[in-house]
Amino acid sequence: MAAHLSYGRVNLNILREAARKELREFLDKCAGSKAIVWDEYLTGPFGLIAQYSLLKEHEVEKMFTLKSGRLPPADVKNIIFFVRPRLELMDIIADNITSEDRHHSSRDFHILFVPRRSMLCEQRLKEQGVLGSFINIDEYILDLIPYDGDLLSMEYESAFRECYLENDQTSLYHTAKGLMTLQALYGTIPQIYGKGDCARLVANMMLRMKREFAGSQNQILPVFDSLLLLDRNVDLLTPLATQLTYEGLIDEIYGINNGYVKLPPEKFAQKKQGEASKDLPTEPKKLQLNSAEELYAEIRDKNFNAVGAALSKKAKIISAAFEERHNAKTVGEIKQFVSQLPHMQAARSSLANHTSIAELIKDITTSEAFFDNLTVEQEFMTGVDTDKVNTYIEDCIAQKDPLIKILRLVSMQSVCNNGLKHKVLDYYKREILQTYGYEHMLTLNNLEKAGLLKPQTSSRNNYPTIRKTLKLWMEDANEQNPNDISYVYSGYAPLSIRLTQILARPGWRSIEEVLKMLPGPHFEERQQLPSGLHKKRQQGENRTTLVFFLGGVTYAEIAALRFLSQVEDSGMEYVIATTKLINGTTWIKSLMDRPECQAQ
Amino acid sequence: MAFITASWNPLGEAFYSKTELYEMSWTLRDGLRDSLVAAAPYGGPILLREPHRRSPSSRPRLEIYSASGVAIASFPSGPVVHLGWTVCDELLCIQEDGTVLIYDLFGSFKRHFSMQEVVQSQVLEAKVFHSPYGTGIAIVTGSFRFTLATNIDDLKLRRLPEVPLQGKPSCWVVLTQDRQTKVLLSNGPELFILDNTSCTAVCPPGLSPQAGSIVHMSMSFTYKYLALFTDTGHLWMGFSNLQEKLSEVHTKKTTIPKQMVCRRPKSQQPSVALMWDRLLLVVGVCNDTIQYCQDIFKIASMAPGALLLEAHREYESSQKADEYLREIKEQSMLGEAVRQCVEAAGHEYDTNTQKSLMRAASFGKCFLTDFSPDHFVTTCRELRVLNAVRDSAVGLPLTHTLVYRQFYPLAIEICRYLKIPDYQGVSRVLKHWASCKVQQKDLADEAIARAVCVKVGDSPGVSYSDIAAKAYECGRTELAIKLQLLDFEARSGEQVPLLLKMKRSQLALSKAVESGDTDLSVYTVVTYLKNEMNRGDFFMTLRNQPVALSLYRQFCKLQEQETLKDLYNQDDDHQELANYYVTASYREKRLEGRLALLQSAVDEYNKAKNEFAVKATEDEMRLLRFQRKLDDEKGAGLLGLYWWLKLKSLAEKEEWEELEKFSKSKKSPIGYLAFVEVCIKCNNKYEAKKYVSKVTPEQKVKAHLAIDLEGAADAAIERRNDSEMGAVLFRCSASDRLLIDRLNRARATATKK
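Computed from a predicted structure; not experimentally measured.

Chemist: Help me get a handle on the overall build of chain A, residues and values and all.
Modeler: Across its full length, chain A holds 23 helices and 15 strands. Per-residue burial for chain A yields a buried fraction of 56% across its 600 residues. Looking at chain A alone, contacts between residues at least 24 apart form 79% of all its contacts between residues at least 6 apart. Surface summary for chain A: the accessible area is close to 26500 Å², and the carbon and sulfur share equals 50%.

Written as structure tokens, this is what we have:
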């Protein structure tokens, strides 16, 4: 079921199994039939850990979404609330319980807090007079969720906002805890590198927690050689750029959520022979995207311009395989052919799906609007006219293009110019408020706080230096047969990944100057290993680094890291962890303020 | 010399032997006959209460002895019903009125609590039990009501429901099942399970009907097995969930045993030991019994281990060794034999026997090529230590509890020798040592802090918080703070509650922030401080901790908007204050209110020198005022929307009378053409006509057009409007000849003028 998690360098299925075990144990604690009331946000992340079948095996008969009022009728012994520790959710739960008919119901109530229980929430339940109604109040520690064979995500959407806007370090605490769990399963990570304020805090917490458990440290041979903690605000530029890998574009255009994407149904209509496809499906087509699907694993990280060729090559291989049947003469040959059929049919349907998706994306990437937008992005990244008001942005505002698109572009210009001149910034802001409404005042404010928009101070624009030293722009990016990570953005090499690459070789000492220009401290810590656990490396054996992006990572950055893992002489393999998978749109959205009642 | 194996008696597949651990060194005047006795688990100390004397004036004394009978302490007590020990060697005295007194191992009083919220009646009987939750107490009162506390360190009294009893329960036990603590009790022939909510009659499966009433019961230490003894001498043994019987034996004893113990030795089958005045009986699941009043069974074992032992003995004296060895080897059981010998040595109390067994094992080992020595070595080590501890001068059959008796150096040496990981061994000992050290009243704070610091240092897993808590308990607040300030404590979170208790709020807050655990620490501390301090001090305290302050702000954003404003005000954070007003303005429905809030925002933006925001906000205010003016003039806006909605819904429900009333209720802000059109849409020309007359002159033609052409033509001609006439003409078809002519004529005259 989750075999793809065990194919990578590090078997992440261990983590998933540990999480499943804990879930089963909790469910068994509540003996008898049960109904789960879900905090809707959690269903996605939980889907990565356990399907409904697991719940069903443990007598979960009904599932509801948490909402005010009376609980739907269910003939079960236990009602279990799966919730994040948030006060507003406590009020809903309290409402559920007080509306329950006390005399007729002998149902047991339980709460499972994910990822941690909270005194504040329990206090709230007490104030509402329902705390005593719960038989079990427990926590389900779900920090790092295995997302794919080389990818872990906390699926913690608000992490960036909390850290950089609200100065709330809760997500960092969970991160540190998650890394401790990981070390308990995969051994102590001997070396920790980091860049950024949050990275420093997480490392401090980890070292402190290690002291807490000192002595009880596990005797597992370390799987990871090093950990790199990177703050998202060290590299604000990358997520703003439009991702140009296949997976990145799917995310940019349709949005990948907890590993699933919803696509327009028209292209996926089942065409049965002899039957006119009169009624087109109206429900969006939902597809799971991960490395379990062979073809997807092959093309996800390619630049979109190389996907077409890959698909047609695959098509030829598959049809050739089907042609084989004509050559099958003997019973044995036919039998062998038939035994391969299911696999071939799966490959064919996977091919059909991805051809459809590629067609959908192509319609967009070949449009003029897409091209114009990309041109402006690339101008900014190469430092062309970043200090003036950009006419393309002006036009987009005039045409009332989606606000997030505008904010992405303006932020990008600001980042690539190390801030905008007062006049320019004010002009953009005024245009935005006048076109999209005054209520976006607070959003602009937030972007300034996060450093995405900023007025230029007297200091020099240091972006060109950073760009040149780190080789962020590569003129001759090869999209078909890449030789550098810059292929993921057709020219732009993501800053975060350059830092990772340089750390591996030749080391950060070579770029001290640039590191000082980027926000936050950079550091290195060593964790003592118990004697006897020092790895004896085989000749030619690769080292494994866990790269943790605090505040989110894009699919294109992941593609770039996978590319580095595959480069023959890199000597390094990467496993990626993050608070949340993001793209420019979801990221900017998380920073927007929406007053409860919109004006107009 | 007899076979050593001979003194072990078989019981099914298991073997038992009876050993006197210590020759008790105590001298008791009256024997144990009428005293209350409580022995602590794992070979801990033994507690005695002297029998009641006739004279009520003299209070009985309690005496504590080590397992070998060395007196440890003695002190007077009240009317005790039951005595027991907690898991950490604290003494519990349960008195008749339900008061429970807690003493430490050395007889000094620690604290007390009551098992009855209101003293209702005398405690008849009490039991101390141990579970994963800690040490618990159960009592039954004179009115036959049971009350439970599952953990005396976190006292929650649970009064169990009433039981339909005929007099006093004949016997009862506490059991823990499915994380619930229940009482199993018998009353005459009946057996009940009593839990939080109900009392259920149960029946042990397979108990012979002629067995009679249950008069004694015993639960195994893990609550897995249960033994029941009936007045006819039947002994039933089975699982405590009463689902399955393991065995039933007729002991032919009709007197109630003085003691009955049900247990399952390591990796063996469960068994029950019963004690009468002069008889000790061991019963296993195989329905066998062993009686220890006399030695009956003396069977030499032929297990490989036993053979190996004999082989070795022969090797030392004669040549028969070879014979024994060959026999073992033929069964290719030598490995097993060595293992058995080592294991047996581990279970043996007599040092000489241990030696012979280990020698035999080492002898057998020589004939094996690939036998791992680990087990052998560990056992050797353990035995050496155990023997040292069992020495009657120390009087302890087991290791861990050493620390409770304050034999620290020995304990540490043992831990090191046994290679117990630090966090389980040395650190624990050090913690106890330090906790004891801080209670030494004759030493100065400084000296103690230094001593603790030197000895404990940053040993992993030693909780300075616990040590400090001890110091605070003994009234040494200053010392406690000194200890907290040493930056050795890794779990900053754990220091917080104590620091709060000691009213060191600043320190508590900074430790809480350090831990990073936002909820458990920061919110806990912040909410605590909020209630404890006046507002000004509270804000000042927060100000020094930016992280705590931001968390509190987040909390206020959700819960207490007004406080949020105060917070910004105090910090002179004009930018945020302005943003606060902007946010608030969106919640305000009335225009005046909204404008006022925006004006406040402008003032604050001004103070923050944010010119752009000032201007943008002023523009917004101007825009709002302008919109309002437009609304007033055109009468559109919300009111219009309301009329539209009402009109449509009434028409759709075909409530025509209501609609007419509504149309007359006020002058319609949306005019009356809308009424006409909506009626037509609902296919009601008749109703539509009612509103035509009310339509403004400019809309007359349009309104008529919706109903009939003729009316429209009349209206258009009357208004002499060329374009309107044109519009009507456009709608005419060939059959409307007359109408077309009329209109054309009217048009011609109109244009002429």
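Chemist: How would you explain the overall build of chain B if you had to name every residue and give the values?
Modeler: From N to C terminus, chain B includes 27 helices and 26 strands. Put simply, chain B has 753 residues, and 47% of those count as buried. Total accessible area on chain B is roughly 39400 Å²; 51% of this is exposed by carbon and sulfur atoms.

Chemist: Let's hear about the pattern of salt bridges: which residues, and what values?
Modeler: Going through the model one piece at a time under the given rule, you end up with 54 salt bridges over all chains. Across the pair B:E576 and A:K449 runs a salt bridge whose closest N-O atoms are separated by 2.7 Å. Of this pair, B:E576 sits in helix 17 (residues 574-587) while A:K449 sits in helix 18 (residues 441-449), on two different chains. In this structure, a network of salt bridges that share partners links the residues A:D148, A:D150, A:E247, A:R300, A:D301 and A:R562.

Chemist: Kindly report on the sheet that holds strand 3 (residues 78-83) of chain A, identifying the contributing residues and their values.
Modeler: Residues and elements named next belong to chain A. A sheet is described by the order of its strands in space; here 5 strands give the open sequence 2-1-3-4-5, paired in parallel fashion. Both edges of this open sheet fall to strand 2 (60-65) and strand 5 (134-139), since each of them pairs with a single strand only. Strand after strand, the sheet turns through a mean of 20° between neighbouring axes, direction not considered. Sheet topology note: the strand 1 (residues 34-38)/strand 2 ladder contains 5 bridges and is parallel. Its bridge partner being in strand 2, I36 is matched across the sheet by M63. Most of the contacts of helix 4 (residues 87-98) go to strand 3, to which it runs at about 165°, and overall it touches strand 3, strand 4 (108-113) and strand 5.

Chemist: Account for the sheet that holds strand 22 (residues 245-250) of chain B, naming residues and giving values.
Modeler: Residues and elements named next belong to chain B. The 4 strands are arranged 19-20-21-22 in an open sheet whose pairing can be described as antiparallel. Both outer strands of the open sheet, strand 19 (214-219) and strand 22, are each paired with one neighbouring strand and no more. Neighbour to neighbour, the strand axes of the sheet diverge by 15° on average, direction disregarded. Where strand 20 (residues 225-230) lies against strand 21 (residues 234-239), 5 bridges are found, and the strand directions are antiparallel. Within the sheet, the bridge partner assigned to A227 lies in strand 21 and is M237.

Chemist: A description of the nonpolar core should follow, citing residues and the corresponding values.
Modeler: Counting residues in hydrophobic clusters, the biggest one holds 260 residues, and the most contacted among them are A:F81, A:F82, A:I93, A:F134, A:L499 and A:L546. Of all the elements, helix 16 (residues 403-416) of chain A adds the most residues to this core, at 9 residues. When sequence neighbours within four positions are dropped, the list of residues in contact with A:I93 reads A:L66, A:F81, A:V83, A:I111, A:L125 and A:F134. Counting 30 residues, the second-largest nonpolar core is a separate cluster that includes B:F129, B:L160, B:M217 and B:L228.

Chemist: Requested: an account of a negative patch on the surface, with residues and values cited.
Modeler: Residue and element names in this part refer to chain A. On the surface, a cluster of negative charge is contributed by D28, E59, E61 and D75. Here D75 lies in the loop between strand 2 and strand 3. Overall, the relative accessible area of 73% leaves D75 in the exposed class.

Chemist: Could you give an account of the packing of helix 16 (residues 561-570) of chain B against helix 17 of chain B, with specific residues and numbers?
Modeler: Residues and elements named next belong to chain B. It is at 9 Å that the axes of helix 16 and helix 17 come closest, and there the two elements cross at 155°. In terms of axis orientation, helix 16 runs roughly antiparallel to helix 17. Viewed along their axes, helix 16 and helix 17 form a crossing whose handedness is left-handed. Along the contact surface, helix 16 presents Q561, E562, L564, K565, Y568 and N569, while helix 17 presents E576, L577, Y580, Y581 and R587. For the contact of helix 16 with helix 17, the per-class residue count stands at 5 nonpolar, 2 polar and 4 charged.

Chemist: Kindly report on empty space enclosed by the protein, identifying the contributing residues and their values.
Modeler: All names here are of chain A. Scanning the entire structure with this criterion turns up 5 cavities of 30 Å³ or more. Approximately 80 Å³ is the volume found for the largest cavity. What lines the largest cavity is a set of 13 residues, and nearest its centre among them are E157, K580, I582, T586 and S590. Looking at the lining of the largest cavity, the elements with two or more residues in it are helix 6 (159-164) and helix 23 (584-591). Per-element accounting of the lining of the largest cavity gives the leading share, 3 residues, to helix 23. Residues of the lining of the largest cavity, tallied by class, amount to 6 nonpolar, 5 polar and 2 charged.

Chemist: Describe in detail unusual backbone geometry, supporting the description with residues and values.
Modeler: Residue and element names in this part refer to chain A. Between V114 and P115 the backbone carries a cis peptide bond, its omega angle lying at 0°. The topology assignment puts P115 in the loop between strand 4 and helix 5 (119-127). Here the bond from R505 into P506 is cis, since omega is 5°, no more than 30 degrees from zero. For P506, the location among the structural elements is in the loop between helix 20 (495-504) and helix 21 (512-517). Even without being glycine, E59 reaches a positive phi, approximately 65°. For E59, the location among the structural elements is in the loop between helix 3 (52-57) and strand 2. A positive phi angle, near 50°, is found at E155, a position not held by glycine. Locating E155 in the fold gives a position in the loop between strand 7 (151-153) and helix 6. Accessibility expressed as a relative area gives 3% for E155, which makes it buried.

Chemist: Explain the packing of helix 14 (residues 368-382) of chain A against helix 16 of chain A to me, using residue names and the numbers behind them.
Modeler: All names here are of chain A. The interhelical angle for the contact between helix 14 and helix 16, taken along N-to-C directions, is 20°, at an axis separation of 9 Å. Comparing their axes, helix 16 and helix 14 come out roughly parallel. When the axes of helix 14 and helix 16 are compared, the crossing they make is left-handed. Between helix 14 and helix 16, the contacting residues are N373, V376, E377, F380 and M381 on the first element and K405, L409, M412, Q413 and C416 on the second. When its residues are assigned to classes, the contact of helix 14 with helix 16 shows 6 nonpolar, 2 polar and 2 charged.

Chemist: An account of the packing of aromatic side chains is requested, with residue identities and associated values reported.
Modeler: All names here are of chain A. Using the criterion set out here, one finds 24 aromatic pairs over all chains in the structure. The residue whose ring lies beneath R200 is F523, and the NZ or CZ to ring-centre distance is 4.1 Å. Against the face of Y260 rests K286, its NZ or CZ located 4.7 Å from the ring centre.

Chemist: Break down the environment of A:D372 for me, citing the residues and quoting the values.
Modeler: Residue and element names in this part refer to chain A. Position of D372 among the secondary structure elements: in helix 14. For D372, a relative accessible area of 30% corresponds to the partly exposed category. Sequence separation between D372 and Y392 is 20 residues; the distance between their C-alpha atoms is 8.1 Å.

Chemist: Talk me through helix 23 of chain A; I want residue IDs and the actual numbers.
Modeler: Residues and elements named next belong to chain A. When we look at burial in helix 23, the residues that qualify are G584, W587, I588, S590 and L591. Axial view of helix 23: buried residues confined to an arc of 155°, hence all on one face. Where helix 23 is buried, its residues touch helix 6, helix 9 (237-240), helix 10 (246-253), helix 16 and helix 18. Capping of helix 23 at its N-terminal end is provided by N583; its side-chain oxygen lies 2.9 Å from the backbone amide nitrogen of T585.

Chemist: Requested: an account of the confidence of the model for chain B, with residues and values cited.
Modeler: Residues and elements named next belong to chain B. Residues at a pLDDT of 70 or more form 63% of chain B, whose mean pLDDT is 73. Here residues 1-6 is a poorly scored stretch, pLDDT under 50, and it has 15 contacts once near neighbours within four places are set aside; other chains count. Contacts from residues 291-302, a stretch scored under 50 in pLDDT, to residues over four places away or in other chains number 24 contacts. For this predicted complex, the interface score ipTM comes out at 0.87, while the overall pTM is 0.67.

Chemist: Give me the lowdown on the pairing of strand 12 (residues 134-141) of chain B, citing residues and values where you can.
Modeler: Residues in a regular strand point their side chains to alternate faces of the sheet. Residue and element names in this part refer to chain B. Across the 8 residues of strand 12, 8 count as buried, placing the element largely inside the fold. The hairpin formed by strand 11 (residues 123-131) and strand 12 contains 2 residues between the paired strands. Where strand 12 lies against strand 13 (residues 146-149), 4 bridges are found, and the strand directions are antiparallel. Looking at strand 13, one finds that V140 is bridged to F146. In this structure, the hairpin formed by strand 12 and strand 13 is closed by a connection of 4 residues, where F144 is found at a positive phi of approximately 60°.

Here is what the cut-offs are and how they apply
Residues numbered from 1 in each chain as written. Chains lettered and ligands numbered in written order. Predicted model: local features only at pLDDT ≥ 70, side-chain atom pairs only at ≥ 80, totals over all residues. Heavy atoms only, no water. Helix = DSSP H or I, 4+ residues; strand = E, 2+ residues; numbered from the N terminus. Buried < 20%, exposed > 50% of the residue type's maximum accessible area, 1.4 Å probe, protein only. Contact = heavy atoms within 4.5 Å. Areas by Shrake-Rupley, 256 points an atom, 1.4 Å probe, with all protein chains shown as cover. Salt bridge = Lys/Arg side-chain N within 4 Å of Asp/Glu carboxyl O. Pairing = 2+ DSSP bridges. Axes fitted to C-alpha atoms, helices over the stretch in contact; angles between N-to-C directions. Core = buried A, V, L, I, M, F, W, Y, C linked by side-chain atoms within 4.5 Å. Patch = residues over 30% accessible without salt bridge, like charges linked within 9 Å, V, L, I, M, F, W, Y side chains within 5 Å. Lys, Arg positive; Asp, Glu negative; His and termini not counted. Charge placed at Lys NZ, Arg CZ, Asp CG, Glu CD. Parallel < 35°, antiparallel > 145°, perpendicular 65-115°, else oblique. Left-handed = near helix turned anticlockwise from the far one by under 90°. Nonpolar A, V, L, I, M, F, W, Y, C, P; charged D, E, K, R; others polar. 1 Å grid on protein atoms, 1.4 Å probe; cavity = no way out; pocket = protein on both sides within 12 Å on 5 of 7 lines; lining within 4 Å. Points joined across faces, edges and corners; volume = space filled by probe spheres on them. Phe/Tyr/Trp six-rings, centres within 6.5 Å; stacked < 30°, edge-to-face > 60°. Lys NZ or Arg CZ within 6 Å of the ring centre and 35° of its normal. Arc of directions from axis to C-beta. Polar contact = N/O pair within 3.5 Å; in protein donor to acceptor, adjacent residues only side chain to side chain. pLDDT = per-residue confidence, 0-100.

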